[in-house]
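Below are the chains, spelled out letter by letter.
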Amino acid sequence: MAAPTKQSKHDRTALGRLSLPERNFVADALRTETVGGVLLLLAAIAALIWANVPALRHSYEAVSDFHLGPGALGLNLSIEHWAADGLLAVFFFVAGIELKRELVAGDLRDPKAAALPVVAAICGMAMPAIVYTVVNAIGGGSMSGWAVPTATDIAFALAVLAVIGTSLPSALRAFLLTLAVVDDLFAILIIAVFFTSDLNFLALAGAFVGLAVFWLLLRKRVRGWYIYVPLALIIWGLMYNSGIHATIAGVAMGLMLRCHREEGEEQSPGEHIEHIVRPLSAGFAVPLFALFSAGVVVSGGALGDVFTKPETLGVVLGLVVGKAVGIFGGTWLTARFTKASLSDELAWPDVFAVASLAGIGFTVSLLIGELAFTDDPLLTDEVKAAVLMGSLIAAVLSSVLLKMRNAKYRALYEAEERDDDQDGIPDIYELDKPEYHLRMAEIYEKKAAEHRRLAEVAAGAGDQDERPA
């Protein structure tokens, strides 16, 4: 099959340059996620050390299983469950705001522009599930874990980028972020639909009433964190007791926030709150979840089991092969059938490298692994080990592929950041403005005049040196 080729000027450009406001938003968001990703990586390493050093293993289990909370409210939970059900609600709250913003002000606002990342994300979730199902159908394993390899961890992916020092151009960074946002949405739907236990309809009705009050307060422009934080905690507690995973409360509240700017606003309420909460999510909630979820006992035999048991092998292949093939295939097919041309600055191997990077499925994959095999603690730990192994292989593979193009990426990134006139706006966004060319001509003329003056001074000094004493 021939790859989609460069089209006429009337065709859309796939993965083209972002608008300046969108570029700035993506840069700010990814900067925070990168820092959080490094903390997430450190937390995962700390968890593995804590759980595998014999002298420390008992304390790790004791802390993870320590229970606290009001039992009368059904919230006497272990530290591990508080991290998974409580702290991850903050993560999904931010994911809800991101999704809302993408829908009203970002790339998902335009159906034509949204088609590519949405189709790529759906294919990037469907293919890992298919790979897992095929492996377990052949090997006679459990089908319960089909959803484990479907998730992408944007923070961990960005941590890998930070470690290998790749400066992706803004189009690829935005593509990766949008993939993760759509990925989170479908992960939330999977958790809500497939991992809901017996429902407590009274608690569920209470949660819906709380969400209605939350929405009404927002509509009435009521301000004050002292109102919303207690209400959010009540909604979360009711959602937890309803039988639906409590993180659904977080994303629901995030989706209710207004994310479009009104006249005179520098930031919408959603953007403002995301700016406040994102560091808490990326720097505290997600790393702490990783600390109490990634602590699986790893041995030579356990690592061997990862590649021999159908459940764990399905997870590894789903993350490494399914994610890369699904996202790349979805992107290629969308570009092919919508006649969207790939940006002149990029090539299809770049898309495959980013697709392989999306195979790092850590946070949500660990959570789904816990939900899928609740009744089998041993298999839960083995699946967690498979998530870690699959994410590690995907990270190494994508690092190699991205490094091969690193010089190209660095040149594109530097071109995007260049600001010769120092007006705070990258020059690449001003190339079509006549005043920009006039200003740049003035700057270059001043520089040329300065060079001529220095040359004349140097020539005069040389003449003096040659005069006889």
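The text that follows walks through the structure, step by step, so that each part is easy to find. (Residues numbered from 1 in each chain as written. Predicted model: local features only at pLDDT ≥ 70, side-chain atom pairs only at ≥ 80, totals over all residues. Heavy atoms only, no water.)

## Quick word on the nonpolar core
In terms of nonpolar packing, the biggest core is built from 106 residues, with F92 and F362 touching the most fellow members. Ranked by the residues each element gives to this core, the list is headed by helix 6 (residues 170–194), at 12 residues. Apart from residues lying up to four places away in sequence, F362 is in contact with L40, A44, D153, F156, A290, A294, V387, L388 and S391. By size, the runner-up hydrophobic cluster in this structure holds 5 residues, among which are L77, A89, W236 and A246. (Core = buried A, V, L, I, M, F, W, Y, C linked by side-chain atoms within 4.5 Å. Buried < 20%, exposed > 50% of the residue type's maximum accessible area, 1.4 Å probe, protein only. Helix = DSSP H or I, 4+ residues; strand = E, 2+ residues; numbered from the N terminus. Contact = heavy atoms within 4.5 Å.)

## A look at the packing of aromatic side chains
Tallying each qualifying case throughout the model produces 12 aromatic pairs. Geometrically, the ring pair formed by W50 and Y60 is edge-to-face, given 5.0 Å between the ring centres and 75° between the ring planes. Separated by 10 residues along the polypeptide, W50 in helix 1 (residues 20–52) and Y60 in helix 2 (residues 54–65) bring together distant segments of the chain. Between W236 and Y240, the ring centres sit 5.9 Å apart and the planes meet at 20°, which makes this aromatic pair stacked. Taken together, the positions of W236 and Y240, both in helix 8 (residues 225–242) and 4 residues apart, correspond to about one turn of that helix. On the basis of relative accessible area, Y240 is assigned to the partly exposed category, the value being 23%. By way of ring pairs, the aromatic residues W50, Y60 and F292 are connected into one cluster. (Phe/Tyr/Trp six-rings, centres within 6.5 Å; stacked < 30°, edge-to-face > 60°.)

## Some details on the layout of surface pockets
Here the largest pocket defines a volume of roughly 1,300 Å³. Along the wall of the largest pocket there are 40 residues; nearest its centre are F93, F214, Y228, L257 and I273. Here the lining of the largest pocket gets 8 residues from one element, more than from any other, and that element is helix 10 (residues 269–293). The residue inventory of the lining of the largest pocket, partitioned by class, reads 27 nonpolar, 7 polar and 6 charged. (1 Å grid on protein atoms, 1.4 Å probe; cavity = no way out; pocket = protein on both sides within 12 Å on 5 of 7 lines; lining within 4 Å. Points joined across faces, edges and corners; volume = space filled by probe spheres on them. Nonpolar A, V, L, I, M, F, W, Y, C, P; charged D, E, K, R; others polar.)

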